[in-house]
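Here's the letter readout for the chains.
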Amino acid sequence: GAGVSQSPSNKVTEKGKDVELRCDPISGHTALYWYRQSLGQGLEFLIYFQGNSAPDKSGLPSDRFSAERTGGSVSTLTIQRTQQEDSAVYLCASTNKERAGLRYGYTFGSGTRLTVV
Amino acid sequence: AQRVTQPEKLLSVFKGAPVELKCNYSYSGSPELFWYVQYSRQRLQLLLRHISRESIKGFTADLNKGETSFHLKKPFAQEEDSAMYYCALLQGAQKLVFGQGTRLTINP
């Protein structure tokens, strides 16, 4: 696609429920990143995909968080048994690392605002 | 540890005044640094990168290795510069590490 697409744009869920957040990167971008944006915490790195594998998942806060990427394209971030502290904006970004795109920055999606009540 | 620090969460200046958003980093190698900006109701987007030595929208940022800083500057602030600004460091050629961000408000 023309840009990084994320869905849903907003999600309100009850504490304890599972949620899935979707990211559709720019076509041909091999690297995909998930970040969490919250007040006072800035942008926290969660996980990075190169193709379908995740060389760095060091930022996932707990084992309730998981992510996968299929076909080298769409990625899904899943949060199980959501807690109120999971409330944040979840941002996805992609870049074409093969063209040293990372040195030129990421293209971000518009994010999913997650509210856990 | 590789880290980016933006000491000011909020910065408010008057239109026409100079602006400086501070960014300090810790990195053992040769750093590659970026500034990102997020305007109200818009996506986070790249503003400038130090390797390009460019000026975007009147903003410049110089890498000072001695002070481990990459401050963002603009000589005359405009109201449309009001936004959230993030400094970022490329870590291990794999990912960007971001600071906590500075919310800049330009008063008329």
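Please refer to the structure placed before this passage.
Thresholds applied
Residues numbered from 1 in each chain as written. Chains lettered and ligands numbered in written order. Predicted model: local features only at pLDDT ≥ 70, side-chain atom pairs only at ≥ 80, totals over all residues. Heavy atoms only, no water. Helix = DSSP H or I, 4+ residues; strand = E, 2+ residues; numbered from the N terminus. Rg over C-alpha atoms; globule rule 2.2 N^0.38 Å. Buried < 20%, exposed > 50% of the residue type's maximum accessible area, 1.4 Å probe, protein only. Contact = heavy atoms within 4.5 Å. Areas by Shrake-Rupley, 256 points an atom, 1.4 Å probe, with all protein chains shown as cover. Buried area = accessible area lost by both parts, 1.4 Å probe. Salt bridge = Lys/Arg side-chain N within 4 Å of Asp/Glu carboxyl O. Polar contact = N/O pair within 3.5 Å; in protein donor to acceptor, adjacent residues only side chain to side chain.

A. Examining the overall build of chain A more closely. Across its full length, chain A carries zero helices and 11 strands. A compact globule built from 117 residues would reach a C-alpha radius of gyration of about 13 Å, and chain A, at 14 Å, matches this within 12%. Seen along its three principal axes, the alpha-carbon backbone of chain A occupies a region of about 40 × 25 × 25 Å. The proportion of buried residues among the 117 residues of chain A is 47%. The contacts of chain A with a sequence gap of at least 6 include a subset with a gap of at least 24, amounting to 56%. Total accessible area on chain A stands at roughly 5400 Å², and carbon and sulfur atoms take up 44% of it.

B. A look at unusual backbone geometry. A cis amide bond links Ser 7 of chain A with the next residue in sequence, Pro 8 of chain A, at an omega value of -10 degrees. Within the secondary structure, Pro 8 of chain A is located in the loop between strand S1 (5-7) and strand S2 (10-13). Of note in the backbone geometry, Arg 81 of chain A takes a positive phi value of approximately 50 degrees without being a glycine. Assignment of secondary structure puts Arg 81 of chain A in the loop between strand S8 (75-79) and strand S9 (88-95). In this structure Arg 81 of chain A comes out as partly exposed when scored by relative accessible area, which is 43%. One non-glycine residue, Thr 68 of chain B, lies in the positive phi region at around 45 degrees.

C. Representation of the interface of chain A and chain B in the model. Taken together, the contact between chain A and chain B spans 22 residues of the former and 19 residues of the latter. Of the roughly 1800 Å² buried between chain A and chain B, counting both surfaces, carbon and sulfur atoms make up 52%. At the surface where chain A touches chain B, the tally comes to one salt bridge. The partner of Lys 95 of chain B in a salt bridge is Asp 56 of chain A, and the shortest N-O contact between them spans 2.8 Å. Where chain A packs against chain B, one counts eight residue pairs in polar contact (both at pLDDT 80 or more). Looking at which element gives the most residues to the side of chain A that touches chain B, the answer is strand S5 (residues 42-50) of chain A, with four residues.

D. Summary view of the side chain of Thr 112 of chain A. Mapped onto the elements, Thr 112 of chain A comes out in strand S11 (residues 112-116). With residues up to four places along the chain from it excluded, the contact list for Thr 112 of chain A reads Gln 6, Ser 7, Pro 8, Ser 9, Lys 11, Leu 21, Ala 88, Val 89 and Tyr 90 of chain A.

E. Inspection of the pattern of salt bridges at higher detail. Within this structure, the stated rule accounts for nine salt bridges over all chains. A salt bridge links Asp 86 of chain A to Arg 64 of chain A, with the nearest nitrogen and oxygen atoms 2.8 Å apart. Placement of Asp 86 of chain A in the loop between S8 and S9 and of Arg 64 of chain A in the loop between strand S6 (53-56) and strand S7 (65-69) is noted, with a sequence separation of 22 residues between them. Like Asp 86 of chain A, the residue Arg 64 of chain A is buried in the burial classification. Where salt bridges share partners, they join Glu 20, Lys 22 and Lys 73 of chain B into one cluster.

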